[in-house]
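Remarks on the overall topology
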Amino acid sequence: MPQNRQWVLAARPVGRVTEECFAWRESAPPVPAAGEALVRTLYLSLDPAMRGWLEDRPSYLPPVQIGEVMRGGAVAQVVESHAPELAPGDLVRGTFGWQDYAIARPGRSLGLQKLPTGVDPELALGVLGLTGLSGYFGMLDIGRPQPGETVVVSGAAGATGSIAAQIARIQGAHVIGIAGGTEKCDWLVHHARLDAAIDYKRGPVDAALRELCPRGIDVYFDNVGGPILEAVLGQLAERARIVLCGGISSYNATEPPPGPRNLMNLVLKRARMEGFLVMDHAARFAEATAQISAWLDAGELAHEVDIQEGLENAPKALLRLFEGRNTGKQLLRVARVQTSV
Ligand SMILES: NC(=O)c1ccc[n+]([C@@H]2O[C@H](COP(=O)([O-])OP(=O)(O)OC[C@H]3O[C@@H](n4cnc5c(N)ncnc54)[C@H](OP(=O)(O)O)[C@@H]3O)[C@@H](O)[C@H]2O)c1
């Protein structure tokens, strides 16, 4: 059995997360006990939320400790099993971390799930994974777009935003995506088939919103926070719904970011702003996965996967999210599926 290569947290970031926050380790792979399986990582999911897990403060998950393997969602393949639920060769999704080998404990490991036969691991971490599901529940349960309403999505070319925006389009809404760069904006209009896209790196977002949303914004799906949130708050329609999914513009901030200066607009427009965590909807993941799969089969959902190669590149792949270099769901391929294990 080869060594287990790992990335552990070496130092907490101050401001921007850097490669130096992580250290490379090699050790013997873990040995599964009764009721456990040894799994080998195939793909890692890179997520903006990882930046928050590096902070030493209470959150929805405990902080990753110094010296601990970096937490991360993954698709892995069972190598050896002492658990009746899993057999060698099975593909599983779970929180296996930035390492080659991990232990899966059916019924006890965070988010562990055996993938149905034939499911593409890249889809399982992307459009059918937590980012796709976040777009689904955030848009449909909280945003609730109605036909003809105006919906704005930030981070719209990313893994979560692209699905949220297209679900609003499928509901019959008029959808405007906000993203960084001409290429991403072109993708939003020509592949995701949104009504318009705003390149926030190119000019003032509030002027573009005024032009594209003359009747105001009914639903805003926010992935970024900061000045873009403030610009949207300035142009709400009555009874608007703001879905707070994330706020990546401030994840690397050293000081708490200033709040939007125009929150009073929520009062004036009788609007509602609500945050959510996708894991709270776990009981309905099967329903959402079936619906997203049906939209994929019908050609209704465009999605992109950005695959970087090699466990050694995990910190670099994480940084791509904060630099806007990822096109769609950011994954890292660690190993290829074995047909005989
Ligand atoms: N609530 C939940 O349960 C939940 C679940 C999953 C994800 N999320 C949140 O959803 C958001 C998107 O996550 P994702 O995994 O789908 O990532 P993603 O959108 O695929 O990638 C991150 C994107 O953020 C944009 N970005 C980076 N810095 C920015 C800045 N300063 N201002 C504006 N945009 C910036 C970049 O796109 P541009 O090139 O367009 O700048 C980058 O490509 C994050 O805020 C994440 O925390 C929440």
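Described below are features of the structure shown in this document. Being a predicted model, the structure only gives us computed values, none of them experimental.

If you trace the backbone, Glu 149 turns up in the loop between α3 (130-143) and β8 (150-154). Classification of Glu 149 by relative accessible area gives buried; the value is 15%. Reaching out from Glu 149, the side chain makes a polar contact with the side chain of Arg 241 at a distance of 2.6 Å. Excluding residues within four positions of it along the chain, Glu 149 makes contact with Arg 144, Ala 173, His 174, Asp 218, Val 219 and Arg 241.

What follows is about helix α9 (residues 285-297). Taking 1.5 Å per residue, 13 residues should reach 18 Å; α9 reaches 18 Å between its end C-alpha atoms and fits that length. Packed against the buried residues of α9 are α3 and α4 (159-170). Looking one or two residues beyond α9, the residue adopting positive phi is Gly 299, at roughly 75 degrees.

Within this structure, the stated rule accounts for 19 salt bridges. Among the ionic pairs, Arg 5 bridges to Asp 100, the shortest N-O distance being 2.7 Å. Highlighted residues: Arg 5 in strand β1 (residues 4-9) and Asp 100 in the loop between β5 (91-94) and β6 (101-104), separated in sequence by 95 residues. Residue Arg 5 is classed as partly exposed on the basis of its relative accessible area of 23%. Among the residues examined, Asp 100 registers a relative accessible area of 5% and is labelled buried. Its salt-bridge partner being Glu 287, residue Arg 284 comes within 2.9 Å of it at the nearest N-O pair. The exposure class of Arg 284 is partly exposed, given its relative accessible area of 31%. Linked by salt bridges that have partners in common, Arg 5, Asp 100 and Glu 312 make up one network.

Analysis parameters
- Residues numbered from 1 in each chain as written.
- Predicted model: local features only at pLDDT ≥ 70, side-chain atom pairs only at ≥ 80, totals over all residues.
- Heavy atoms only, no water.
- Helix = DSSP H or I, 4+ residues; strand = E, 2+ residues; numbered from the N terminus.
- Buried < 20%, exposed > 50% of the residue type's maximum accessible area, 1.4 Å probe, protein only.
- Polar contact = N/O pair within 3.5 Å; in protein donor to acceptor, adjacent residues only side chain to side chain.
- Contact = heavy atoms within 4.5 Å.
- Expected span 1.5 Å × (residues − 1).
- Salt bridge = Lys/Arg side-chain N within 4 Å of Asp/Glu carboxyl O.

This is a description of form; function is not addressed.
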